[in-house]
Structure formats: structure tokens, C-alpha cells
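Structural description and commentary
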Amino acid sequence: MDRSRSRRERSFPHASITTGDGRRAVEVTLLTQLGVGAGDSLALSAGALQASHPHFNDALDEPSARLSAPDLDAGDPAALYTFSVGGNGHPFHRHAAPRLFTAISGSGGARLRFIAADVRLGSTEEALAGLQQVELPADCLFTVRMAANTWHQFQPLHGNGKHPALFAVSCHPDETAGALDADLHAQVMRGDADLASLTELMPDALLHTLQHATSHSPSVPTHVLGFDPLPPHAWAAAACTQLRHHVGRLRQALLQRLPRSGSAHHGLPPLQVHSTHALADDSLLAAQLTHHHHQDCVQLQVDQRWLPAIGTEQLLVLLLTAFINQPASSISGLMRLRNLLARPLRLRTSPLGCPVSSLLNDTPGQRYAQRFPVLTSAGSADVQQVLLGADDRHLQFRSCVAVRRQHDQIVFSLSTRVRCHNPFGHLYMAVVDPMHRHFIAPKMLTTAVAQVLEDALAARYNTTTAVVPG
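Residues numbered from 1 in each chain as written. Predicted model: local features only at pLDDT ≥ 70, side-chain atom pairs only at ≥ 80, totals over all residues. Heavy atoms only, no water.

- Looking at an unreviewed UniProt entry, the protein carries the name DUF2867 domain-containing protein, with the source organism given as Stenotrophomonas terrae.

Spelled out as C-alpha cells, the structure:
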């Protein structure tokens, strides 16, 4: 492989790639080195925020969000996007107009591959002659400037798919520029374009020929950028690479496991709970405790775009898991107090709130998703629900946890009925009813749904489905 290291400079290391006739095709400039492992951490957290943006688009192995559309009425054709490239890279593609972006590499570094020519279908020799790549160190801030119609592909440099390649903020100086077809030009003029619609994938025939040629003749001109004067394969440089690799993985793990607070919650949609006495017509709770003394139902709606490609059954599994693993701290505190008072009276105790406390039942019985103890369950493609409950000396309770798809909304609900057995049960519910209706049930549902959203956003960013050969 022809590897050329950037010359030692007092300022920003950079690499330039030109076409055969001397026109500038690509400029890549390193700006600064970030802290050890910071690339993975920043890419992961920014990617989660990107995934919660209202203009998020998860397509072509390049999740993106349009931050600012062109204002063509004001004569401003520029647009601003974010995009991320995960651990398996993304496919070769190009854009009809120039691109400028600033990015952070992951903790495995990044390999940027370019073809500095206007390659058409079948022009394999021209593609191979124009193919060059730029290798960037881990955890760095850099910029890329690309001419129109430059084929490009981005991948992690090291890490075997364990590190994201990069996270970027991209400026389109003129969204209307380039040879756009009539439909795409109309989409741009309406302000409805996104990165995917503005992307042309490399034709399969050319891509397969290019991959075959590079796998049998891997000598690709390579520009190696870095701030360290040491050769890339010197022992000290190799040790630094390994350090960033392992610290990046550690920071990823910590970021996913630590309780999320502050800005990590700013990316979630607003969660508004609606309380009602009425049950859904198909609720499993409707046939339970027909003679009851307490009933409430809390519902929470989320736009389906926040949870794409997750089935209704899996959403209910995630919700039940969140009830068990991430209970609201305020509810846990109330349950500790309630257990302290109830234990001398020989009443049931549980660390979970009564609507879902039977999820901790370990006695034999029916299991939902082969895991959660339930009294019964019912489901279809659009509705999944389980019935929970327990009997105590002073009362019986039954709860229905459900997930419903209604048009473009996903409705999470938690419904509860209680039948009192004796005067103490009536006294107990007289005290508990207002708190349960207005605080306990809404708080439990909101906390669990928020956790479902956060887990889904994190999983969506970290999961890549296509492997792009290097």
C-alpha cells in the first residue's frame, strides 16, 4: 500500500486529493486531538440526540438529522445536517453538490475513501486510478471539503466494528446545486429533501468490481494524518492506539449504564400523561373484579417515528423490563415506607408499586415472552397487553399494562382495579386513592416509557445492519 504521511507542520495537518486534470476533489484537515476515548463518547451521546430529532432519518447506514432547511424565499439555499457513521461503515456514494463538514472520529480512528473522478457505470479502470484514502487518528476533530460528484465511503480505521467511524455536522452551501432530476429538484424547492434523497449510491456492478479489484490488489494510495511525529507502526504509536481503543470502549459502556440525567433527557419527546376512569373497550381488565371500589387508567402517547421498526410485542417487553429495572426513585421511596408500615400487619410487601408488583412473583404460572409472570395476556400486531395482580388480606388488585398502535401514535397504558375485602381495605384505599391516581401510576408509566425511549434510541445508534467490505 502506498502510504504517505503528512508533512510536519506548525499548524493543521492536511491532505489534498486532486482529479487527473488537477482540479481539487477533496481536502481533509485535522484540527485538534481530543481526550483519550472521547471520540466514542461524543459520537454516542450526539448520535442519541440526533436520533431523537424530529427530522431524523435512519437510512443508507448513515443516520442523519436536518437541523436547518434552506430558506429559498429569502434567497438562502444553504442547509445544515448532522450525520453519523457506525462501526461497520457506510456504502460508497456521492452527492450532486459540494459538501463541507466538520466531524469527530471514533476511538478507533477513521478511514475516508474517495474516488477523485466523475466515474460512471463500468469505468472500473478510472475508478481504481482515482481511488485514494485518508487515515485519521482516533478521537480527533477534523474537516472535509468535497467537490460535487466525489464518490466517498467512511469506515472505522481500527476496532473490528466496535467503534463508530465518526459523527459530523455537514453544511450544504447550496441545496439546489448540481444535476438534480426533476422530482428531486422539486423536493428541494419544497424544503423536504434529506441526506438520503440527496445521495446516489454507487451502482452495484461498479461497486462489486471495485471491491474485487481492491481485495486482490490492496495497494491504495493512502494519506496518513496525525499530530504525532512517530511513524504509525512505532511501538509508542501502537500503544497509544490500543489505549484509545480500550478507553473508548470503556467510556461507551459507562455512558450506556450510568443513569441518564440532564442533557441526556433533552432529546426525548415531551411525555404527557392522560388520566381517565374509562378503560379501553378491549382491555383485559374489563372482565376483572366487576364489583370494585377503585379504578384508574393512565395513558401516554408517543409518535411512532420515535420508535421505528420495533414491534408491539417487543415494546411491551421493554416496558415491563423498565418497570422492574428502572423504577422511579420517588415511588421506590414510598414503597419502602409502605413496606415498613405493612410488615407488622402481615400484608404483602414489594419494592415495586402495586400496579406491577406481581412482576416479581416467582411462583409457577403463565409467562409473557417466556419471562414475565402474568395472570393472562392477549395480543395482535397492533395491541399487546398483559394482566397482572395479586390478592391480599385487605384487598385484591388487578392491573392491565398495554401497548396499542393507533394511526401514527403508540399508546402506552397502565390501568388498575381494586376490590376491598374489609373495613381496613376501604380505609387503606381512601388514603392511597388520590396519591395512586394522580402521582404513583402517572409517575411509574412516565418513568418506564422514558426508559424505553432512551434504550431504543441508544440501540438504534449503536446497531448497524450492513457490513461494508473494506
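Still more to cover.
**Considerations on the pattern of salt bridges**
- One pass over the structure, following the stated rule, counts eight salt bridges.
- Two residues, R94 and E200, come together in a salt bridge whose shortest N-O distance is 2.9 Å. Of this pair, R94 sits in strand β7 (residues 93–94) while E200 sits in strand β14 (residues 200–201), placing them 106 residues apart in sequence.
- The exposure class assigned to R94 is buried, which follows from its relative accessible area of 3%.
- One salt bridge in this structure joins R398 and D391, with 3.1 Å as the shortest N-O distance.
- Under the relative-accessibility criterion, D391 is labelled partly exposed at 47%. (Salt bridge = Lys/Arg side-chain N within 4 Å of Asp/Glu carboxyl O. Helix = DSSP H or I, 4+ residues; strand = E, 2+ residues; numbered from the N terminus. Buried < 20%, exposed > 50% of the residue type's maximum accessible area, 1.4 Å probe, protein only.)

**Things to note about the confidence of the model for the protein**
- For the protein, the mean per-residue pLDDT works out to 80, and 82% of the residues sit at or above 70.
- Below pLDDT 50 for its whole length, residues 258–266 participates in eight contacts with residues either more than four positions away or in separate chains.
- Confidence over residues 463–470 falls short of pLDDT 50; this stretch has 19 contacts with residues more than four positions distant or in other chains. (pLDDT = per-residue confidence, 0-100. Contact = heavy atoms within 4.5 Å.)

**Regarding the packing of aromatic side chains**
- In the structure shown here, the tally under the stated rule is four aromatic pairs.
- Ring centres of F101 and F154 lie 5.7 Å apart, and the angle between their planes is 55°; this geometry places the pair in the tilted category. Remark: F154 occurs in strand β12 (residues 151–156) and F101 occurs in strand β8 (residues 99–105); sequence separation between them is 53 residues. Across this residue pair, the class does not change: F101 and F154 are buried.
- Note on F154: relative accessible area 1%, which makes it buried.
- Taken together, the ring pairs in this structure connect F83, F101, F114 and F154 into an aromatic cluster. (Phe/Tyr/Trp six-rings, centres within 6.5 Å; stacked < 30°, edge-to-face > 60°.)

**A few points about the sheet that holds strand β5 (residues 64–68)**
- Strand order in the open sheet formed by eight strands is β2-β3-β11-β8-β13-β6-β5-β4, and the pairing between neighbours is antiparallel. If you trace the sheet from one side to the other, it starts and ends with β2 (14–18) and β4 (56–57), each paired once.
- Lying over the sheet, helix α1 (residues 38–51) contacts β4, β5, β6 (79–85), β8 and β13 (166–172), oriented at roughly 55° with respect to β13. (Pairing = 2+ DSSP bridges. Axes fitted to C-alpha atoms, helices over the stretch in contact; angles between N-to-C directions.)

**Looking at the sheet that holds strand β16 (residues 273–276)**
- Here six strands make up an open sheet; going across it, the order is β16-β17-β23-β22-β21-β20 and the pairing antiparallel. In this open sheet, the two strands that pair with only one neighbour each are β16 and β20 (376–379). Adjacent strand axes in the sheet meet at a mean angle of 15° when their direction is disregarded.

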